[in-house]
Amino acid sequence: MGLDNGHTHRLDLDDATLREWDATVLHSSADDGIVLDRSAFYPGGGGQPPDHGVLLWGGVQTRIVGARGGDEFYLVPAEDDPLPPAGTTVRGALDDDRRSTLMRTHSGLHLLSGVVFRDFGALVTGGNMEPGEARMDFNLPEIPADFKASVEAACNVEVDADRRIDVRVLPRDEAFAIPDIIRTATNLVPPHLTEVRIVDIVGLDTQADGGTHVASTRQIGRIQVAKVENKGKGFRRVRIRLAP
Ligand SMILES: [Zn+2]
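Heads up: these notes are all about the structure in this document. Note that the structure is a prediction, hence the values are computed from the model and not measured.

Rules of the game
- Residues numbered from 1 in each chain as written.
- Predicted model: local features only at pLDDT ≥ 70, side-chain atom pairs only at ≥ 80, totals over all residues.
- Heavy atoms only, no water.
- Donors = N, O, S within 2.8 Å, 3.2 Å for Na, K, Ca; no water.
- Helix = DSSP H or I, 4+ residues; strand = E, 2+ residues; numbered from the N terminus.
- Buried < 20%, exposed > 50% of the residue type's maximum accessible area, 1.4 Å probe, protein only.
- Pairing = 2+ DSSP bridges.
- Axes fitted to C-alpha atoms, helices over the stretch in contact; angles between N-to-C directions.
- 1 Å grid on protein atoms, 1.4 Å probe; cavity = no way out; pocket = protein on both sides within 12 Å on 5 of 7 lines; lining within 4 Å.
- Points joined across faces, edges and corners; volume = space filled by probe spheres on them.
- Nonpolar A, V, L, I, M, F, W, Y, C, P; charged D, E, K, R; others polar.
- Expected span 1.5 Å × (residues − 1).
- Contact = heavy atoms within 4.5 Å.
- Salt bridge = Lys/Arg side-chain N within 4 Å of Asp/Glu carboxyl O.
- Core = buried A, V, L, I, M, F, W, Y, C linked by side-chain atoms within 4.5 Å.
- Phe/Tyr/Trp six-rings, centres within 6.5 Å; stacked < 30°, edge-to-face > 60°.

Brief notes about the coordination of the zinc ion
Part 1: Every protein donor of the zinc ion is listed here as His 106 (NE2), His 110 (NE2) and Asp 209 (OD), and their distances to the metal cover 2.0 to 2.1 Å.
Part 2: When the donor residues of the zinc ion are listed from N- to C-terminus, their spacing reads H-x3-H-x98-D. Placement of His 110 in helix H2 (residues 96-120) and of Asp 209 in the loop between strand E14 (205-208) and strand E15 (223-230) is noted, with a sequence separation of 99 residues between them.
Part 3: On the accessibility criterion, His 110 (2% relative accessible area) is buried.
Part 4: Take Asp 209: its relative accessible area is 13%, and that puts it in the buried class.

Quick look at the pairing of strand E4 (residues 33-36)
Part 1: Sheet topology places strand E3 (residues 20-29) next to E4; four bridges connect them, and they run antiparallel. Its bridge partner lying in E4, His 27 is registered against Val 35.
Part 2: The hairpin formed by E3 and E4 contains three residues between the paired strands.

Structural notes on the sheet that holds strand E10 (residues 123-130)
Part 1: Overall, antiparallel pairing links the four strands, which are arranged E10-E11-E16-E15 in an open sheet. Bordering the open sheet on either side are E10 and E15, each of which pairs with just one other strand. Direction aside, the axes of adjacent strands within the sheet are offset by 20° on average.
Part 2: As paired strands, E10 and strand E11 (residues 133-139) are joined by seven bridges and run antiparallel to one another. Each bridged residue has a counterpart across the sheet, and for Gly 127 the counterpart in E11 is Met 136.

What about the layout of surface pockets?
Part 1: If you add up the space inside the second largest pocket, you get close to 270 Å³.
Part 2: At the level of secondary structure, the elements contributing two or more residues to the lining of the second largest pocket comprise helix H1 (11-14) and strand E12 (165-171).
Part 3: The element that contributes the greatest number of residues to the lining of the second largest pocket is E12, accounting for four residues.
Part 4: When its residues are assigned to classes, the lining of the second largest pocket shows eight nonpolar, five polar and six charged.

Some points on helix H3 (residues 147-160)
Part 1: Here H3 is 14 residues long and its end C-alpha atoms lie 20 Å apart, about the 20 Å a rise of 1.5 Å per residue gives.
Part 2: Taken together, the buried positions of H3 are Phe 147, Val 151, Ala 154, Cys 155, Asn 156, Glu 158 and Val 159.
Part 3: Tucked into the core, H3 has its buried residues touching H2, E15 and strand E16 (235-242).
Part 4: Asp 162, located one to two residues past H3, shows a positive phi value of around 50°.

Focus on the pattern of salt bridges
Part 1: The full count for this structure, using the stated rule, is 16 salt bridges.
Part 2: Arg 91 serves as the salt-bridge partner of Glu 20, at 3.3 Å between the closest nitrogen and oxygen. Of this pair, Glu 20 sits in strand E3 while Arg 91 sits in strand E9 (residues 89-94), and the two are 71 residues apart along the sequence.
Part 3: A salt bridge links Arg 118 to Glu 158, with the shortest nitrogen-to-oxygen separation between them at 2.8 Å. Of this pair, Arg 118 sits in helix H2 while Glu 158 sits in helix H3; the two residues are 40 residues apart in sequence, bridging distant segments of the chain.
Part 4: Glu 158 gets classed as buried once you look at its relative accessible area, which sits at 5%.
Part 5: Residues participating in the shared-partner salt-bridge network are Arg 118, Asp 119, Glu 158 and Arg 163.

Notes on the pairing of E9
Part 1: Pairing of E3 with E9 involves five bridges; the strand directions are antiparallel. Of the residues in E9, the one forming a bridge with Thr 24 is Thr 89.

Quick notes on the nonpolar core
Part 1: Formed by 30 residues in total, the largest nonpolar core has its most connected members in Leu 111, Leu 112, Phe 138, Ile 223 and Ile 240.
Part 2: No other element matches H2, which puts seven residues into this core.
Part 3: Residues in contact with Phe 138, not counting those within four places in the same chain, are Leu 112, Ser 113, Val 116, Ala 122, Leu 123, Val 124, Thr 125, Gly 234, Phe 235, Arg 236 and Val 238.
Part 4: Residues Phe 41, Trp 57, Ala 67 and Phe 73 belong to the second largest nonpolar core, which totals 16 residues.

A word on the packing of aromatic side chains
Part 1: Applying the stated rule across the entire model yields two aromatic pairs.
Part 2: When the ring of Trp 21 is compared with that of Phe 41, the centres are 5.6 Å apart and the planes differ by 80°; the resulting orientation is edge-to-face. Of this pair, Trp 21 sits in strand E3 while Phe 41 is found in the loop between strand E5 (38-39) and strand E6 (53-57), placing the two residues 20 residues apart along the sequence.
Part 3: Trp 21 gets classed as buried once you look at its relative accessible area, which sits at 3%.
Part 4: Exposure remark for Phe 41: the relative accessible area of 0% places this residue in the buried category.
Part 5: Measuring from ring centre to ring centre gives 4.9 Å for Phe 120 and Phe 147, while their planes differ by 65°; the resulting arrangement is edge-to-face. With Phe 120 in helix H2 and Phe 147 in helix H3, the pair connects residues that are 27 residues apart, well separated along the chain.
Part 6: Overall, the relative accessible area of 25% leaves Phe 120 in the partly exposed class.
Part 7: For Phe 147, a relative accessible area of 2% gives the class buried.

Listed below in C-alpha cells is the structure:
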C-alpha cells in the first residue's frame, strides 16, 4: 500500500493537517524507541526532517525528538523522559510550528524546482531543508546575469497564482506514464513499489514524493532566494528561505 511503515499506520500520509490523535503503543524500549499502531509523525526522508512532538499518557509526557523510518517506524524519545509501556493508550501531538513550517518549506522547494525547470531547463540533482530554509542543487551550466532576482520573482508569481497542490497515490504504471515523473523520479522509486505517491503543483510541477505539503502555493508565503552558489562545473546550489 505505501501507507504503512511496518506495524504503524501512517496518518500523515492520509491527512497532512492532522496534529493530534489517539494511538496504542506496540513496542517500547530505551534502545530502539517507541512503535505506535497509528502515527502522524513524519519519519523523515526526501530531504524533509522528522517531526517533533509529544505522547501524553497517565499524566506524564514523553517528548519525541526524532524518528527512524524503514521496515519498522521507531519514534525517538527525549533522553530521560518516561517511556509508555507496550499496550498503553497515548495521545499523540505534533509540534505544529515545526511541521507547518516544514510543509511550507517543502512545497516551496517543489515550486522552485518547477520554476527553474520551466524557465531554465535545469534538472534537480539534490536538495535538503530545515524549517523555513532550504537548498536545491541544479544541473545548470550557464547562469544568466539576473538569475537570482528572476527566479525569486517567478517563484512569488506562482505563490500569488495560488495553484492547488494535489497529493494522490497511483499505480506504478500510471505514475510513470506522466512525462515529468519519468524526468525526475525513475531512478528514485524503489523497483518493488507497486504504487507511487504523486505531489502535483497543478500546472507547474509533478513529482513522486513521500513528504508533507500545504494545499496551495499561496500557503507557502513569500519566497526569498538567499544565495546562488557555484559548486563546480554545471553544479549550482540555490538557497531559499521563507520570508518571516
Ligand atoms: Zn519533495
